[in-house]
Amino acid sequence: MWWKLFFLLLYFSMLFILARFCEAIVWYETGIFGTQLVDPVTLSFKKLKTILECRGLGYSGLAEKRDVRELVENSGELMQGELYSALKNEKEQVGSDSSTTFSGEMHFYELVEDTKDGIWLVQVIAQDRNPLLSTANWGKVVQKVSQFGIRTGIFNCSSDSRYCHKRGWMKSTLIMSVPQTNASKGKVMLKEYNGRRIETEHIFKWMTAHVASRIKTIRFSEQLMDDWYQMEKQPVKMFLFARLLQPPAFFSALSIKFTGRIEFIFVDVRNWDNTSCLEEIGVQQMPSYILKTPEGIYRYGNSTGEFISLHAMDAFLRSVQPEVNDLFILSLVMVNLMAWMDLFITQGATIKRFVVLISTLGTYNSLLIISWLPILGFLQLPYLDNFYEYSLKLLRYADTTTIASWVRADWTFYSSHPALFLSTYLAHGLLIDYFEKKRRCSNEDQNANNLEWLSSLWDWYTSYLVHPIASFQNFESDWDDDPNFLLQRLAFPDLWLRPLVPIDYIKNLATWKFRLAQSERLNPVERDNLQKTMTNPNGGSSGDQEVHHYSSEVLHNNDGCSAATKSEESWSGGGEQDTDWSHWPCGMLQCTECVVCLENFETDCLVMGLPCGHVFHQQCIVVWLAGGRHCCPVCRWPSYKKKPTRQHATEQLEPE
């Protein structure tokens, strides 16, 4: 996981360097930067109107180029990057129509009336009537308002005539939905268009006038000073100082999008004679976009990528005053980009790469959602208000720096050019794949084809689910070394609670016969140890009875680590056989008693060992396991799961 995070941060660094390199190329070829100011006098009448449309200013009635140019200058400084974006958006929006067709009352209520943070423009077509706007004019209106985040739709009363009678929509009209209050998740009011002219400019002017009425407007200097130094609950305010009749449409649209987070204020300075109050608060030029925070004021438009447009200012305000949903989307994008790195880090067959990728995507997204649930709960605690405020304060300090403006400009650039983003990500992944192949060149599994890997995956799957004991029968899989295996199992915790384990694995457990041998075959040290530790089964003392020690005949042992396997006929010779504890199966703990029935092992009895190493009567442990208790009676280790191999010598019995 840490390698993926490292590769992702390396990719972002490469994108940052690539953006600076592209800027250097553009400057070398044209001699201009994206932040360089453009003189509106040098632009054509068509380009000036394009700038006004992107900013959301009506120019109907302005026939002279000089008037249009003055309106552009009064709305804000024009940069090369904004001009390029405006011309590009104009070409992309030709012929685009993203209107929603409502099916009835519930559909209209869910999208329009229940939406508290957006603007809707709906064309209502009365029953057996023609629409107010033709298809061509409606397409122009949709193209004009969609660039400000205003959603559009069509409600045909023939689909729900009862609701139209209830609303009083007896003739075709236009309905605009705007939040009524400045509070977050407030009520929504519906405005009906009553104008006689149905041209696009007049409809747009009607909409912008209603939206601008929600913004607090200051027209006197005394009112400005009272509002500037007033301590309110909302500490972050966005001021627009301009000589305009009403604020641009993009500024009004942002006021609705950031309802409850940022207060938008429009200051009309057209008739001001005394400008000393403006100098006192730090406003030196017109127009000015000023962000006022508890840490100070910040003039928007002086840094890289800070254009007078909806998308640029939206990215700036989201970084300065984010909400929980913004942070969640950012974490979701980061986590999925990290998960896609598995496609290049994983080596081997193509199908193997995609199987690991799908598994990683499911695991990471599940863990992300599970991690966000307690975070949302903690943020609602009143004790964390101070922590939340300090976090926003540090974030505002960081996002008003020059480096942060570069990052926002790169984000805007790459998000508007997804092909460039995907191609650079693919190139970065191919480089990772190349270096991973060089680093793992000694791995023999690198050249396995798809069929071989699918066969090994199927073997592992069947052995794990059908025969769990096969997981420790000399079978190794790539999944055993996967560090994400634990995370994948934790993503589905029910698999840990009640495992459904078949009992077929019981027949594969190590089973052998237990025998007694003559004590005379032992050396003196072993004889003394056994005399101290073992008691005669008939109740006598070890000094009065003949001393025995135990040996075993391995009937079948799947671990294959026993020194030798002796048949039953080999014991017919009695004491002539060399019996020692070294013949005890490898990994099995030496014992003389079954803890299930609390009886000592007798000669020729069948004993069975579990993967943990504990040994019991074969009949006792089979009854225990068949009853659904798939674990060792002593240590509770799963009886179907392999235990790590212990490197130790044969244990000797200690005195009691």
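As annotated in an unreviewed UniProt entry, the protein chain is E3 ubiquitin-protein ligase RNF103-like from Sinocyclocheilus rhinocerous.

**What to know about the UniProt feature "transmembrane region" (unreviewed entry) in the protein chain**
Using the residue numbers shown here, the UniProt feature "transmembrane region" (unreviewed entry) corresponds to residues 327–345 and 354–379. With 95% helix and 0% strand, the stretch residues 327–345 has end C-alpha atoms that lie 27 Å from each other. Counted over residues 354–379, helix gives 100% and strand 0%. Its end C-alpha atoms are 37 Å apart.

**Considering the pairing of strand 2 (residues 120–125)**
For strand 2, a buried count of six out of six residues is recorded, marking the element as mostly surrounded by other parts of the structure. The side-chain alternation of strand 2 yields two buried faces, one formed by W120, V122 and V124 and the other by L121, Q123 and I125. For the crossover from strand 2 across helix 6 (residues 135–146) to strand 3 (residues 151–156), the handedness is right-handed. Bridging between strand 2 and strand 4 (residues 173–179) involves five bridges; their strand directions are antiparallel. Bridge pairing links V124 to T173 in strand 4.

**A look at the side chain of T208**
With respect to the helices and strands, T208 occurs in helix 8 (residues 200–212). In terms of polar contacts, T208 uses its side chain to reach the backbone carbonyl oxygen of K205, at 3.0 Å. Setting aside anything within four residues of it in sequence, one finds T208 in contact with Q246 and A249.

**Digging into the packing of aromatic side chains**
What the rule picks out here adds up to 26 aromatic pairs. Between F16 and W406, the ring centres sit 6.0 Å apart and the planes meet at 50°, which makes this aromatic pair tilted. Taken as a pair, F16 in helix 1 (residues 2–30) and W406 in helix 17 (residues 402–416) lie far apart in primary sequence, 390 residues in all. Aromatic rings pair up to connect F102, F108, W120, F155, Y163 and W169 into one cluster. Over the face of the ring belonging to W228 we find K292, whose NZ or CZ atom lies 5.6 Å from the ring centre.

**Focus: the packing of helix 6 against helix 8**
In contact at an axis separation of 10 Å, helix 6 and helix 8 are set at 40° when each is read in the N-to-C sense. Between helix 6 and helix 8, the angle falls in the class oblique. The handedness of the crossing between helix 6 and helix 8 comes out as right-handed. Contact residues: helix 6 offers N137, K140, V141, K144 and V145, while helix 8 offers T200, E201, I203, F204 and M207. In the contact of helix 6 with helix 8, the residues fall into five nonpolar, two polar and three charged.

**So, the sheet that holds strand 7 (residues 237–242)**
Strands belonging to one sheet form pairs held by backbone hydrogen bonds; the direction of such a pair is parallel or antiparallel. Read across the open sheet, the five strands follow the order 6-8-7-9-10; overall the sheet is mixed. Edge positions in the open sheet fall to strand 6 (216–218) and strand 10 (296–300), since each of these has one partner strand only. In this sheet, neighbouring strand axes are inclined to one another by 25° on average, regardless of whether the strands run parallel or antiparallel. In this sheet, strand 8 (residues 263–268) lies alongside strand 7 in parallel orientation, the contact comprising six bridges. Its bridge partner being in strand 8, F241 is matched across the sheet by V267.

About the thresholds
Every chain begins its residue count from 1, and numbering advances along the sequence as written. Reporting in this predicted model follows two pLDDT cut-offs: at least 70 for local features of residues, and 80 or more for side-chain atom pairs to be given and counted; totals over whole chains, interfaces and linings ignore these cut-offs and use all residues. With hydrogens and water excluded, all non-hydrogen atoms of the structure serve as input to the side-chain values. UniProt positions are given in the numbering used here, feature names are shortened, and annotations may be inferred rather than shown by experiment. Put simply, DSSP marks the helices as runs of H or I at least four residues long and the strands as runs of E at least two long, and each gets a number from the N terminus on. Relative accessibility under 20% of the residue-type maximum defines a buried residue, over 50% an exposed one, and the middle range a partly exposed one, all with a 1.4 Å probe and only protein chains included. The path from the first strand over the helix to the second decides the hand: if it runs clockwise while the strands point away from the viewer, the crossover is right-handed. At least two DSSP bridges between two strands are required for those strands to pair. Pairing of N or O atoms within 3.5 Å defines a polar contact, subject to two protein rules: one partner must be a possible hydrogen donor and the other a possible acceptor, and residues neighboring in sequence count only if both atoms are side-chain atoms. Residue contacts follow a heavy-atom distance rule, with two residues in contact if any of their heavy atoms lie within 4.5 Å. When two rings of Phe, Tyr or Trp (its six-membered ring) have centres within 6.5 Å they constitute a pair, described as stacked for plane angles under 30 degrees, edge-to-face for angles over 60, and tilted for the intermediate range. Charges are assigned to positions over rings by a cutoff of 6 Å between ring centre and Lys NZ or Arg CZ, combined with an angular limit of 35 degrees from the ring normal. Here the axes come from fitting lines to C-alpha atoms, over the contacting stretch only for helices, and the angles between their N-to-C directions go from 0 to 180 degrees. Small angles under 35 degrees read as roughly parallel and large ones over 145 as roughly antiparallel, with 65 to 115 read as roughly perpendicular and the rest as oblique. Put simply, a crossing is left-handed when the front helix is turned counterclockwise from the back one by less than a right angle, and right-handed when it is turned clockwise. Only Asp, Glu, Lys and Arg are considered charged in this grouping, and only Ala, Val, Leu, Ile, Met, Phe, Trp, Tyr, Cys and Pro are considered nonpolar; every other residue, Gly among them, is considered polar.

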